[in-house]
Amino acid sequence: MPGMSPRVVLVSVSLLCCGAMLWIVAYLALGGAPPAYLAAVVLALPIVAVLAATPLLLMRDRRSSAGAFAPRPGVSAPQAPDAGALDPATGVLADKTFIAGVEEALRQGGGALLLIDATQFSVRRPHQRLSSRDEALRLIAQTIRAAVRGDDLVGRTGADQFGVYLRGATDDISAQVARRICESVENTIYLNEERTIGALSVNIGGAMTRPGLLEPYLKTARTMLDRAKRAGRGRFMVASLA
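Read on for a plain summary of the structure. Since this is a predicted model, take the numbers as computed values, not measurements. (Residues numbered from 1 in each chain as written. Predicted model: local features only at pLDDT ≥ 70, side-chain atom pairs only at ≥ 80, totals over all residues. Heavy atoms only, no water.)

### Side note on the overall build of the chain
As a reminder, the rule being used: Helical segments are the DSSP runs of H or I of at least four residues, strand segments are the runs of E of at least two, and each set is numbered from the N terminus. Working definition: with a 1.4 Å probe on protein chains only, accessible area under 20% of the residue-type maximum means buried, over 50% means exposed, and in between means partly exposed. Here the Shrake-Rupley method, with its probe set to 1.4 Å, supplies the accessible areas, and only the displayed protein chains count as covering residues.
Summing up its helical and strand segments, the chain has six helices and seven strands in all. Starting at the N terminus and ending at the C terminus, the chain contains elements arranged as α-α-α-β-β-α-β-β-α-β-β-α-β. Across the 242 residues of the chain, 39% fall into the buried class. As presented, the chain carries roughly 13900 Å² of accessible surface, and 60% of it is formed by carbon and sulfur atoms.

Below you can see the structure in the form of C-alpha coordinates.
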(Lines give C-alpha, C1' and ligand atoms only; values in the text may rest on other atoms or scores of the structure.)
Protein backbone atom coordinates (compact mmCIF):
# COMPACT_ATOMS: atom_id res chain seq x y z
CA MET A 1 0.00 0.00 0.00
CA PRO A 2 2.38 2.73 -1.13
CA GLY A 3 1.79 6.16 0.39
CA MET A 4 -0.67 4.87 3.02
CA SER A 5 0.31 5.35 6.64
CA PRO A 6 -0.46 2.83 9.43
CA ARG A 7 -2.69 5.46 11.07
CA VAL A 8 -4.88 5.70 7.96
CA VAL A 9 -5.21 1.92 7.78
CA LEU A 10 -6.17 1.60 11.44
CA VAL A 11 -8.66 4.49 11.32
CA SER A 12 -10.30 3.15 8.16
CA VAL A 13 -10.72 -0.36 9.57
CA SER A 14 -11.95 1.06 12.89
CA LEU A 15 -14.68 2.99 11.06
CA LEU A 16 -15.68 -0.16 9.20
CA CYS A 17 -15.91 -2.05 12.50
CA CYS A 18 -18.07 0.70 14.01
CA GLY A 19 -20.39 0.61 11.00
CA ALA A 20 -20.72 -3.16 11.21
CA MET A 21 -21.44 -2.99 14.93
CA LEU A 22 -24.15 -0.38 14.36
CA TRP A 23 -25.68 -2.67 11.73
CA ILE A 24 -25.76 -5.55 14.21
CA VAL A 25 -27.31 -3.32 16.91
CA ALA A 26 -29.98 -2.23 14.42
CA TYR A 27 -30.82 -5.89 13.65
CA LEU A 28 -31.09 -6.69 17.36
CA ALA A 29 -33.23 -3.60 18.05
CA LEU A 30 -35.70 -4.72 15.40
CA GLY A 31 -35.88 -8.16 16.99
CA GLY A 32 -33.98 -9.97 14.28
CA ALA A 33 -30.67 -11.86 14.24
CA PRO A 34 -27.77 -10.46 12.22
CA PRO A 35 -26.52 -12.59 9.33
CA ALA A 36 -23.75 -14.99 10.26
CA TYR A 37 -21.45 -13.55 7.58
CA LEU A 38 -21.74 -10.09 9.19
CA ALA A 39 -20.58 -11.40 12.56
CA ALA A 40 -17.66 -13.11 10.85
CA VAL A 41 -16.72 -9.85 9.10
CA VAL A 42 -16.76 -7.96 12.40
CA LEU A 43 -14.45 -10.54 13.96
CA ALA A 44 -12.12 -10.58 10.95
CA LEU A 45 -11.71 -6.82 10.52
CA PRO A 46 -9.45 -6.25 13.60
CA ILE A 47 -7.21 -9.10 12.46
CA VAL A 48 -7.00 -7.58 8.99
CA ALA A 49 -6.16 -4.20 10.54
CA VAL A 50 -3.25 -5.67 12.52
CA LEU A 51 -1.92 -7.61 9.53
CA ALA A 52 -2.14 -4.53 7.30
CA ALA A 53 -0.58 -2.07 9.75
CA THR A 54 2.30 -4.24 11.03
CA PRO A 55 4.45 -4.21 7.84
CA LEU A 56 3.83 -0.48 7.42
CA LEU A 57 4.96 0.19 10.98
CA LEU A 58 8.08 -1.91 10.44
CA MET A 59 8.88 -0.01 7.23
CA ARG A 60 8.47 3.32 9.04
CA ASP A 61 10.80 2.18 11.85
CA ARG A 62 13.44 1.14 9.32
CA ARG A 63 13.24 4.51 7.60
CA SER A 64 13.49 6.34 10.93
CA SER A 65 16.50 4.30 12.00
CA ALA A 66 18.24 4.86 8.69
CA GLY A 67 17.57 8.61 8.84
CA ALA A 68 18.89 8.97 12.39
CA PHE A 69 22.36 7.81 11.35
CA ALA A 70 22.46 9.09 7.78
CA PRO A 71 25.43 11.32 6.92
CA ARG A 72 24.67 15.04 6.70
CA PRO A 73 24.25 16.52 3.18
CA GLY A 74 27.58 17.19 1.52
CA VAL A 75 29.46 14.84 3.85
CA SER A 76 30.73 11.52 2.53
CA ALA A 77 29.77 8.42 4.48
CA PRO A 78 32.71 7.27 6.64
CA GLN A 79 34.56 4.21 5.38
CA ALA A 80 35.45 1.38 7.77
CA PRO A 81 39.16 1.83 8.61
CA ASP A 82 41.69 -0.94 8.16
CA ALA A 83 42.74 -2.79 11.31
CA GLY A 84 46.19 -1.16 11.10
CA ALA A 85 44.57 2.28 11.22
CA LEU A 86 43.14 1.65 14.69
CA ASP A 87 44.76 1.97 18.08
CA PRO A 88 44.85 -1.65 19.35
CA ALA A 89 44.31 -0.72 23.01
CA THR A 90 41.21 1.45 22.58
CA GLY A 91 39.71 0.64 19.18
CA VAL A 92 39.60 4.27 18.00
CA LEU A 93 41.74 5.71 15.21
CA ALA A 94 45.50 5.64 15.66
CA ASP A 95 47.25 9.02 15.92
CA LYS A 96 48.49 9.25 12.31
CA THR A 97 45.19 8.05 10.91
CA PHE A 98 43.27 10.56 12.99
CA ILE A 99 45.52 13.46 11.95
CA ALA A 100 45.22 12.46 8.28
CA GLY A 101 41.44 12.27 8.64
CA VAL A 102 41.24 15.74 10.21
CA GLU A 103 43.45 17.20 7.47
CA GLU A 104 41.15 15.71 4.85
CA ALA A 105 38.07 17.05 6.70
CA LEU A 106 39.63 20.53 6.79
CA ARG A 107 39.88 20.45 3.01
CA GLN A 108 36.12 19.86 2.84
CA GLY A 109 34.90 22.36 5.44
CA GLY A 110 35.07 23.66 8.99
CA GLY A 111 34.08 22.16 12.32
CA ALA A 112 35.56 21.75 15.79
CA LEU A 113 38.76 20.08 17.00
CA LEU A 114 38.77 18.75 20.57
CA LEU A 115 41.76 17.41 22.52
CA ILE A 116 40.78 15.31 25.52
CA ASP A 117 43.23 14.65 28.37
CA ALA A 118 42.40 11.59 30.48
CA THR A 119 45.09 11.63 33.16
CA GLN A 120 43.08 12.55 36.27
CA PHE A 121 41.65 10.06 38.75
CA SER A 122 39.80 10.39 42.04
CA VAL A 123 38.72 8.00 44.81
CA ARG A 124 35.07 6.97 44.75
CA ARG A 125 32.92 3.91 45.32
CA PRO A 126 33.22 1.08 42.74
CA HIS A 127 30.84 0.74 39.84
CA GLN A 128 32.68 -1.14 37.11
CA ARG A 129 35.81 -3.26 37.59
CA LEU A 130 38.67 -2.92 35.15
CA SER A 131 41.83 -5.02 35.12
CA SER A 132 44.28 -2.53 33.63
CA ARG A 133 44.92 1.06 32.64
CA ASP A 134 44.38 0.09 28.99
CA GLU A 135 40.89 -1.09 29.89
CA ALA A 136 40.22 2.26 31.59
CA LEU A 137 41.36 4.06 28.43
CA ARG A 138 39.24 1.74 26.30
CA LEU A 139 36.22 2.60 28.42
CA ILE A 140 36.94 6.32 28.03
CA ALA A 141 37.29 5.85 24.26
CA GLN A 142 33.91 4.09 24.13
CA THR A 143 32.34 6.91 26.13
CA ILE A 144 33.75 9.50 23.73
CA ARG A 145 32.64 7.53 20.68
CA ALA A 146 29.10 7.28 22.10
CA ALA A 147 28.97 11.06 22.64
CA VAL A 148 29.65 12.05 19.02
CA ARG A 149 28.01 11.45 15.65
CA GLY A 150 28.76 8.51 13.40
CA ASP A 151 30.80 10.46 10.84
CA ASP A 152 32.85 12.43 13.39
CA LEU A 153 36.46 11.39 13.95
CA VAL A 154 37.78 9.94 17.23
CA GLY A 155 41.45 9.02 17.69
CA ARG A 156 44.08 8.39 20.31
CA THR A 157 46.62 11.19 20.05
CA GLY A 158 48.83 10.39 23.06
CA ALA A 159 49.36 7.97 25.94
CA ASP A 160 46.40 9.40 27.85
CA GLN A 161 44.98 11.76 25.25
CA PHE A 162 42.26 11.53 22.64
CA GLY A 163 41.27 13.76 19.75
CA VAL A 164 37.83 14.39 18.30
CA TYR A 165 36.91 16.22 15.12
CA LEU A 166 33.28 17.32 14.84
CA ARG A 167 32.49 17.88 11.16
CA GLY A 168 30.56 21.06 10.49
CA ALA A 169 29.98 21.73 14.19
CA THR A 170 28.95 25.14 15.50
CA ASP A 171 30.16 26.75 18.74
CA ASP A 172 27.03 25.54 20.53
CA ILE A 173 27.36 21.96 19.29
CA SER A 174 31.05 21.75 20.22
CA ALA A 175 30.29 23.01 23.74
CA GLN A 176 27.41 20.55 24.13
CA VAL A 177 29.57 17.62 23.00
CA ALA A 178 32.48 18.64 25.25
CA ARG A 179 30.17 18.92 28.24
CA ARG A 180 28.55 15.56 27.45
CA ILE A 181 31.95 13.85 27.24
CA CYS A 182 33.12 15.37 30.53
CA GLU A 183 29.94 14.38 32.37
CA SER A 184 29.80 10.86 30.90
CA VAL A 185 33.42 10.11 31.79
CA GLU A 186 32.93 11.65 35.25
CA ASN A 187 30.15 9.13 35.89
CA THR A 188 32.41 6.17 35.00
CA ILE A 189 33.77 4.49 38.13
CA TYR A 190 36.36 1.70 38.02
CA LEU A 191 38.74 -0.54 40.01
CA ASN A 192 42.34 -0.46 38.72
CA GLU A 193 45.18 -3.02 38.89
CA GLU A 194 46.25 -1.79 42.33
CA ARG A 195 42.70 -2.49 43.50
CA THR A 196 42.25 1.23 44.12
CA ILE A 197 38.66 2.33 43.79
CA GLY A 198 38.40 5.42 41.66
CA ALA A 199 36.64 7.44 39.00
CA LEU A 200 37.90 8.87 35.75
CA SER A 201 37.71 12.46 34.65
CA VAL A 202 38.89 14.38 31.61
CA ASN A 203 39.70 17.93 30.58
CA ILE A 204 38.98 19.17 27.07
CA GLY A 205 40.53 21.94 25.02
CA GLY A 206 39.24 22.78 21.59
CA ALA A 207 39.30 25.09 18.63
CA MET A 208 36.64 25.94 16.09
CA THR A 209 38.00 25.47 12.57
CA ARG A 210 37.50 26.63 9.02
CA PRO A 211 39.10 25.12 5.89
CA GLY A 212 42.88 25.43 6.09
CA LEU A 213 45.96 23.93 7.72
CA LEU A 214 45.63 21.78 10.84
CA GLU A 215 48.69 22.92 12.83
CA PRO A 216 47.32 26.33 13.98
CA TYR A 217 44.17 24.68 15.26
CA LEU A 218 46.17 22.00 17.08
CA LYS A 219 48.21 24.72 18.77
CA THR A 220 45.06 26.58 19.83
CA ALA A 221 43.42 23.39 21.11
CA ARG A 222 46.52 22.55 23.19
CA THR A 223 46.50 26.05 24.70
CA MET A 224 42.81 25.72 25.60
CA LEU A 225 43.47 22.27 27.07
CA ASP A 226 46.18 23.68 29.35
CA ARG A 227 43.78 26.37 30.53
CA ALA A 228 41.04 23.83 31.16
CA LYS A 229 43.41 21.67 33.22
CA ARG A 230 44.44 24.67 35.32
CA ALA A 231 40.76 25.43 35.96
CA GLY A 232 40.19 22.03 37.60
CA ARG A 233 38.88 18.53 36.91
CA GLY A 234 36.20 17.98 34.31
CA ARG A 235 36.53 21.40 32.68
CA PHE A 236 36.47 22.25 28.98
CA MET A 237 37.33 25.33 26.95
CA VAL A 238 36.81 25.78 23.20
CA ALA A 239 38.22 28.75 21.30
CA SER A 240 35.87 30.42 18.82
CA LEU A 241 36.99 31.64 15.42
CA ALA A 242 38.32 35.19 15.39
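Still more ground to cover, so stick around.
### Brief notes about the nonpolar core
As a reminder of what qualifies: The criterion is simple. A nonpolar core is a set of buried Ala, Val, Leu, Ile, Met, Phe, Trp, Tyr and Cys residues joined through side-chain atoms within 4.5 Å. Between two residues, a contact is recorded if the distance between any of their heavy atoms is within 4.5 Å.
Core analysis: the biggest nonpolar cluster contains 27 residues, and Ile140, Phe162, Ile181 and Val202 have the highest contact counts within it. The element contributing the most residues to this core is helix α4 (residues 133-147), with six residues. Each residue touching Ile140, except ones within four places of it in the same chain, is listed here: Ala118, Phe162, Val185, Leu200 and Val202. Counting residues in each nonpolar core, the second largest holds 15 residues, with Phe98, Leu153, Ala207 and Leu225 among its members.

### Here we look at the pattern of salt bridges
We count it as follows: A pair is scored as a salt bridge if a Lys or Arg side-chain nitrogen falls within 4 Å of a carboxyl oxygen belonging to Asp or Glu.
Inspection of every chain in the model, using the stated rule, returns six salt bridges. Of the charged contacts in the structure, one is a salt bridge between Glu104 and Arg107, with a shortest N-O distance of 2.7 Å. Here Glu104 pairs with Arg107, and both are found in helix α3 (residues 95-108), just three residues apart, close to one helical turn. Given a relative accessible area of 35%, Glu104 falls into the partly exposed group. On the accessibility criterion, Arg107 (61% relative accessible area) is exposed.

### Points about helix α5 (residues 171-186)
Definition in use: Expected helix span is taken as 1.5 Å per residue step, with the number of steps being one fewer than the number of residues. The directions from the helix axis to the C-beta atoms are what the arc is built from.
Between its first and last C-alpha, α5 extends 23 Å over 16 residues, near the 22 Å set by a 1.5 Å rise per residue. Of all the positions in α5, only Ser174, Val177, Ala178, Ile181, Cys182, Val185 and Glu186 are classed as buried. The buried side chains of α5 occupy one side of the element, clustering within an arc of 165° when seen end-on.

### Describing the environment of Phe162
Structurally, Phe162 is set in strand β4 (residues 161-167). Residue Phe162 is classed as buried on the basis of its relative accessible area, which comes to 0%. Sequence spacing of Phe162 and Ala94 is 68 residues, and the spatial spacing of their C-alpha atoms is 9.7 Å.

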